[in-house]
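Residue-level structural notes
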Amino acid sequence: MAERVVLFVDYQNAYRHARDAFHDHSPAPYWMGQFDPAALGAFITGRHGQERELRQVRMYRGMPDATKEQRANRAVRRQIAKWQAHPLVEVTTRPLRYPPDYPSSRAQEKGIDVQLALDFAMMAVRNEYDIGILMSNDTDLRPALEEVIQLGTHTVEVAAWHPLTAQRRRLTVRGSPLYCRWIDYRAYSTIQDNTDYVRRI
């Protein structure tokens, strides 16, 4: 029987690192760095043939406030609608936090990493996957990896972009040789999503 795979993606973190890895931030339009969650999941599990079955791609991201960032809110909702058109994609959002001096200071994600960490650990406890793969470079998520590793009943892996020139970065856990699924530019180019969700009707 194929092992059940669930991919957990910290979207904003993965998006920013895709831009770092494959694009020049300044001239690159905002959609450079976007990717298709279902295609990402299929790529990561595809090399294992029938040994692994992708059960879910779980996307975690902040949601702009419609009263403060109407265009951004609409764009994110369009993007999420496209993601959720695929039956394997599940999206979890949390409202962005706006500082008192907004818009002088930018809004920030708050709590989405905690939600991802909880889901990663609790889904393992409930035996909802055999292999949990986490895509993020946020070290705040390391305790979740450590907890599932300590259970000793599930395989834990990570995924990360393989930059064109810069040094590779990935999450690690001391004392545990986590397997990393590196995604190079060639693979990235097949899962890119260049949709302009701001202008899309």
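Now for a quick tour of the structure. A quick note: this is a predicted structure, and the numbers were derived from the prediction, not measured. (Residues numbered from 1 in each chain as written. Predicted model: local features only at pLDDT ≥ 70, side-chain atom pairs only at ≥ 80, totals over all residues. Heavy atoms only, no water.)

1. What about the sheet that holds strand β3 (residues 89-95)?
Read from one edge of the open sheet, six strands run β3-β2-β1-β4-β5-β6, paired in parallel fashion. Each edge of the open sheet carries a strand with a single partner, namely β3 and β6 (179-183). On average, adjacent strands in this sheet sit at an angle of 20 degrees to one another, irrespective of strand direction. Of the strands in this sheet, β1 (3-10), β2 (52-63), β3, β4 (131-135), β5 (155-161) and β6 are in contact with helix α2 (residues 37-46), which crosses β2 at around 140 degrees. (Pairing = 2+ DSSP bridges. Helix = DSSP H or I, 4+ residues; strand = E, 2+ residues; numbered from the N terminus. Axes fitted to C-alpha atoms, helices over the stretch in contact; angles between N-to-C directions. Contact = heavy atoms within 4.5 Å.)

2. Concerning the side chain of Q34
Structurally, Q34 is set in the loop between α1 (11-22) and α2. Here the side chain of Q34 touches T195 through a polar contact of 3.0 Å, landing on its backbone oxygen. (Polar contact = N/O pair within 3.5 Å; in protein donor to acceptor, adjacent residues only side chain to side chain.)

3. Thoughts on the packing of aromatic side chains
For the structure on display, the rule yields 14 aromatic pairs. Each ring, one from F22 and one from Y188, has its centre 4.6 Å from the other, and the planes form 20 degrees; the classification is stacked. Of this pair, F22 sits in helix α1 while Y188 sits in helix α6 (residues 185-191), and the two are 166 residues apart along the sequence. With a relative accessible area of 8%, F22 lands in the buried category. Assessed through its relative accessible area of 0%, Y188 is described here as buried. An angle of 80 degrees between the planes, with centres 5.3 Å apart, marks the rings of Y30 and W31 as edge-to-face. One aromatic cluster in this structure is built from Y11, Y15, F22, F35, W83, W161, Y185 and Y188. (Phe/Tyr/Trp six-rings, centres within 6.5 Å; stacked < 30°, edge-to-face > 60°. Buried < 20%, exposed > 50% of the residue type's maximum accessible area, 1.4 Å probe, protein only.)

4. What to know about the pattern of salt bridges
Going through the model one piece at a time under the given rule, you end up with eight salt bridges. When the shortest N-O distance is used, the salt bridge between D65 and K68 registers 3.9 Å. Close ionic contact of R199 with D196 constitutes a salt bridge, the shortest N to O distance being 3.9 Å. With relative accessibility at 70%, the residue R199 sits in the exposed group. (Salt bridge = Lys/Arg side-chain N within 4 Å of Asp/Glu carboxyl O.)

5. Details of helix α3 (residues 70-84)
A rise of 1.5 Å per residue sets the reference length of α3, with its 15 residues, at 21 Å; its end C-alpha atoms lie 21 Å apart and thus fit the reference within 8%. Residues N73, A75, V76, Q79, I80 and W83 constitute the buried set of α3. Each buried residue of α3 lies within a common arc of 165 degrees when the element is viewed along its axis, so the set occupies one face. The secondary structure elements touched by the buried residues of α3 are α1, α2, β2 and β3. (Expected span 1.5 Å × (residues − 1). Arc of directions from axis to C-beta.)

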